[in-house]
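Structural overview
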Amino acid sequence: MIGVLAALAAFAIDQITKAIVVANAATLSAGISVFPGFNLVFYRNDGVTFGMLGGAPWWSLIALALAICVWLGVMLFRADNTVETLAYGAIIGGALGNVIDRVRYRAVTDFLDFYIGTAHWPAFNMADVFVVSGVGLLLAAPWISARRSVKS
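What this report covers is the structure whose coordinates are included nearby. (Residues numbered from 1 in each chain as written. Predicted model: local features only at pLDDT ≥ 70, side-chain atom pairs only at ≥ 80, totals over all residues. Heavy atoms only, no water.)

Quick look at the environment of Ile116 now. With respect to the element layout, Ile116 can be found in strand 3 (residues 108-116). Between the C-alpha atoms of Ile116 and Leu8, which are 108 residues apart in sequence, the distance is 33 Å. (Helix = DSSP H or I, 4+ residues; strand = E, 2+ residues; numbered from the N terminus.)

This is the structure we're talking about:
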């Protein structure tokens, strides 16, 4: 159940933050400095991570994301520990958040812009944060589970 709740939370947080950004798109298009090294911006990305596959048919990226979500859903229900279910849920929720953007806008809404000097990391969104965090948690799951079993 925790994986499903994680997916719902990730999806909701992603969609709420994107709705706020879209509602303020005119202001954010020029970017707003939050603090040195971080801006809020409004950007539509028709590719995937770092703009890869930009220009690919939008429907193909939706089909790919949904197929991956189905596979991850199977893995979620096969997972035998809380860490893995949380990780799968975060990835699924983030991926579905970006799928909704692709259906609505044929691109995803990115708004988090980190930089050092004039070098900017590609803008991203909360869905990306959940996907990357979920993958990181999956990679760490064997060590986390091993440490938990040693303590108990």
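Having seen the structure, we can now continue with the description.
In this section: the pattern of salt bridges. Close approach of charged atoms allows side chains with opposite charge to pair. According to the stated counting rule, one finds two salt bridges in the structure shown. Residue Asp101 is joined to Lys18 by a salt bridge in which the shortest nitrogen-to-oxygen separation is 3.3 Å. Of this pair, Asp101 sits in helix 4 (residues 82-105) while Lys18 sits in helix 1 (residues 2-23), and the two are 83 residues apart along the sequence. Both residues of the pair, Asp101 and Lys18, count as buried. A network of salt bridges, in which partner residues are shared, links Asp14, Lys18 and Asp101. (Salt bridge = Lys/Arg side-chain N within 4 Å of Asp/Glu carboxyl O. Buried < 20%, exposed > 50% of the residue type's maximum accessible area, 1.4 Å probe, protein only.)

With that settled, consider the packing of helix 1 against helix 4. The geometry of helix 1 relative to helix 4 is characterised by a closest axis approach of 7 Å and an angle of 35° between their N-to-C directions. Along this stretch, helix 1 crosses helix 4, giving a crossing that reads as right-handed. Looking at side-chain class alone, the contact of helix 1 with helix 4 contains 12 nonpolar, nine polar and four charged residues. (Axes fitted to C-alpha atoms, helices over the stretch in contact; angles between N-to-C directions. Left-handed = near helix turned anticlockwise from the far one by under 90°. Nonpolar A, V, L, I, M, F, W, Y, C, P; charged D, E, K, R; others polar.)

Phi angles above zero are rare outside glycine, and Arg106 is one such case at about 60°. Along the chain, Arg106 falls in the loop between helix 4 and strand 3.

What the largest pocket holds in volume is close to 830 Å³. Secondary structure elements with two or more residues in the lining of the largest pocket: strand 2 (38-45), helix 3 (58-78), helix 4, strand 3 and helix 5 (126-151). Classifying every residue of the lining of the largest pocket by side-chain character gives 21 nonpolar, seven polar and three charged. (1 Å grid on protein atoms, 1.4 Å probe; cavity = no way out; pocket = protein on both sides within 12 Å on 5 of 7 lines; lining within 4 Å. Points joined across faces, edges and corners; volume = space filled by probe spheres on them.)

Here we come to the sheet that holds strand 4 (residues 119-120). If you walk across this open sheet you meet the four strands as 1-2-3-4, and the pairing is antiparallel. The open sheet is flanked by strand 1 (32-35) and strand 4, the only strands paired with a single partner. Against the sheet, helix 1 contacts strand 2 and strand 3, and its axis sits at roughly 85° relative to strand 3. In the packing of helix 4 onto the sheet, the strands contacted are strand 2 and strand 3, and the crossing angle to strand 3 comes to about 120°. (Pairing = 2+ DSSP bridges. Contact = heavy atoms within 4.5 Å.)

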